[in-house]
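Close look at the chain arrangement
Single-letter residue listing:
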Amino acid sequence: MTAEPFRSQLAALEQRGRLRRLSPRAGRDFASNDYLGLAGDPLIAQAVADAVARGVPLGSGGSRLLRGNAPEHEGLEAKAADFFRTQAALFVANGYAGNLALFSTLPQRGDLIVADELIHASAHDGIRMSKATAVFARHNDVQSFSDLIAAFRAEGGKGRVWIAVETLYSMDGDMAPLTDLARLAAVHDAMLLLDEAHGTGVFGPGGRGLSSGLDGLHNVITLHTCGKAMGAEGALICGPRTHIDYLINRARAFIFSTAPSPLMAVAVSAALDRIEQADDLRDRLKTLRQDAAEAICAPLRLPAPRSQILPVILGDDSRAMAAAAALQEAGFDVRGIRPPTVPAGTSRLRISLTLNASRADVAALGKALQGIIA
């Protein structure tokens, strides 16, 4: 087999302005998901150093169901269940593995998954592996969710309904109408699958996320990734004990994966402590959001951001990538986002506000953007 089919496909991507390349970190951080600046936090690092000193191994040595189940994993899961006020938690390698496990395992044949059309690619991949029927609702449109459920029942569907959304959308920065979706789930005895990837640490009491108001509901399962505002790695699936036990027994993405490092479980445990006491960091991030509203959104006639994620939609792939390149040349790490990550015709700059940047950096980025976009 030659490499020719791959070369031609790569050339076609480059011609369309969609060829991806790895690039080094450079410039002021407006691209990462390290929202609270905890990736280099000394307290988390010290917790890991202490664990190394007392002999906690780097590697797990196997899957959790073999010899890879360490006391640090179990300690973290008990702590996370208490922190997120749920019955049980399961620590997995990352958010992608978490969504793959959830969607490919829990919804059963004859069930219906109703997912927001902008839900993350990892959820789409999990849905493709599911035996359930899947449909996609208009973004953040509760009536669309309701209509799709009603159509399923009208056509004789008798299985359980699974409503799936991101609590905070990673490319648009807007939030799901969780209260209304919870009411809809109650009416239809449906399960809620809530991806808190970009909400954990930043929103909710103690950084528990946007779903914290749904604490204790029997029909809610949340996914909290640990590599964004928590500054570590991995993901925590939180929900009823029966559902977590079922994942342990049936989720191939969990069963056949080497367990995460026990040291990373230590890091995540320390990160839970940090975000619980991080109201000062959340206040600083809120101030950056207000600065961005004045320095970026107002001059560009964009709505003020509701979260730490600010999209500047330019439409054309090449225009978005050229603007990103110009900003990077000016010392700002802003990345262009193109299809298929976002819908066709909505290529954009994704500005991520993090505590790795200062208020002066936000003001400077606003001035640079005005010149580049104009």
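Residues numbered from 1 in each chain as written. Predicted model: local features only at pLDDT ≥ 70, side-chain atom pairs only at ≥ 80, totals over all residues. Heavy atoms only, no water.

You'll find the protein chain entered in an unreviewed UniProt entry as 8-amino-7-oxononanoate synthase, with Sphingobium amiense given as the organism. Comment text from UniProt for the protein chain, heading Cofactor (unreviewed entry), reads "pyridoxal 5'-phosphate". (UniProt positions renumbered as here; feature names shortened; annotations may be inferred.)

Our focus in this paragraph is the sheet that holds strand S5 (residues 161-166). Ordered by their spatial adjacency, seven strands build an open sheet running S2-S8-S7-S6-S5-S3-S4, and the pairing between neighbours is mixed. Each edge of the open sheet carries a strand with a single partner, namely strand S2 (88-92) and strand S4 (133-137). The sheet shows a mean angle of 20° between the axes of neighbouring strands, direction not considered. In the packing of helix H7 (residues 178-188) onto the sheet, the strands contacted are S5 and strand S6 (191-195), and the crossing angle to S5 comes to about 175°. (Pairing = 2+ DSSP bridges. Helix = DSSP H or I, 4+ residues; strand = E, 2+ residues; numbered from the N terminus. Axes fitted to C-alpha atoms, helices over the stretch in contact; angles between N-to-C directions. Contact = heavy atoms within 4.5 Å.)

The next point concerns the pairing of S4. When strand S3 (residues 112-116) meets S4, the two strands line up parallel, connected through five bridges. Each bridged residue has a counterpart across the sheet, and for Ile113 the counterpart in S4 is Ala134. Viewed along the sheet, the connection from S3 through helix H5 (residues 121-128) into S4 turns out right-handed. (Right-handed = clockwise from strand over helix to strand, strands pointing away.)

Looking now at the nonpolar core. In this structure, Phe30, Leu236, Ile296, Leu349, Ile351 and Leu365 are the most contacted members of the largest nonpolar core, which totals 56 residues. Residues Ala88, Leu100, Phe103 and Ala251 belong to the second largest nonpolar core, which totals 28 residues. (Core = buried A, V, L, I, M, F, W, Y, C linked by side-chain atoms within 4.5 Å. Buried < 20%, exposed > 50% of the residue type's maximum accessible area, 1.4 Å probe, protein only.)

Within strand S9 (residues 309-315), six of the seven residues are buried, leaving the element largely enclosed by the surrounding structure. The pairing of S9 with strand S12 (residues 347-352) spans six bridges and is classified as antiparallel. Bridge assignment links Ile309 to a residue of S12, and that residue is Ser352.

Attention now goes to the pattern of salt bridges. Should the charged atoms of two oppositely charged side chains come close, the side chains can pair. Going through the model one piece at a time under the given rule, you end up with 18 salt bridges. In this structure, Arg18 and Asp317 form a salt bridge, with 2.6 Å as the shortest nitrogen-oxygen distance. Of this pair, Arg18 sits in the loop between helix H1 (4-15) and strand S1 (28-29) while Asp317 is found in helix H12 (residues 317-329), placing the two residues 299 residues apart along the sequence. Note that Arg128 and Asp125 form a salt bridge whose closest N and O atoms lie 2.4 Å from each other. With Arg128 and Asp125 both in helix H5, this residue pair falls three residues apart, about one helical turn. (Salt bridge = Lys/Arg side-chain N within 4 Å of Asp/Glu carboxyl O.)

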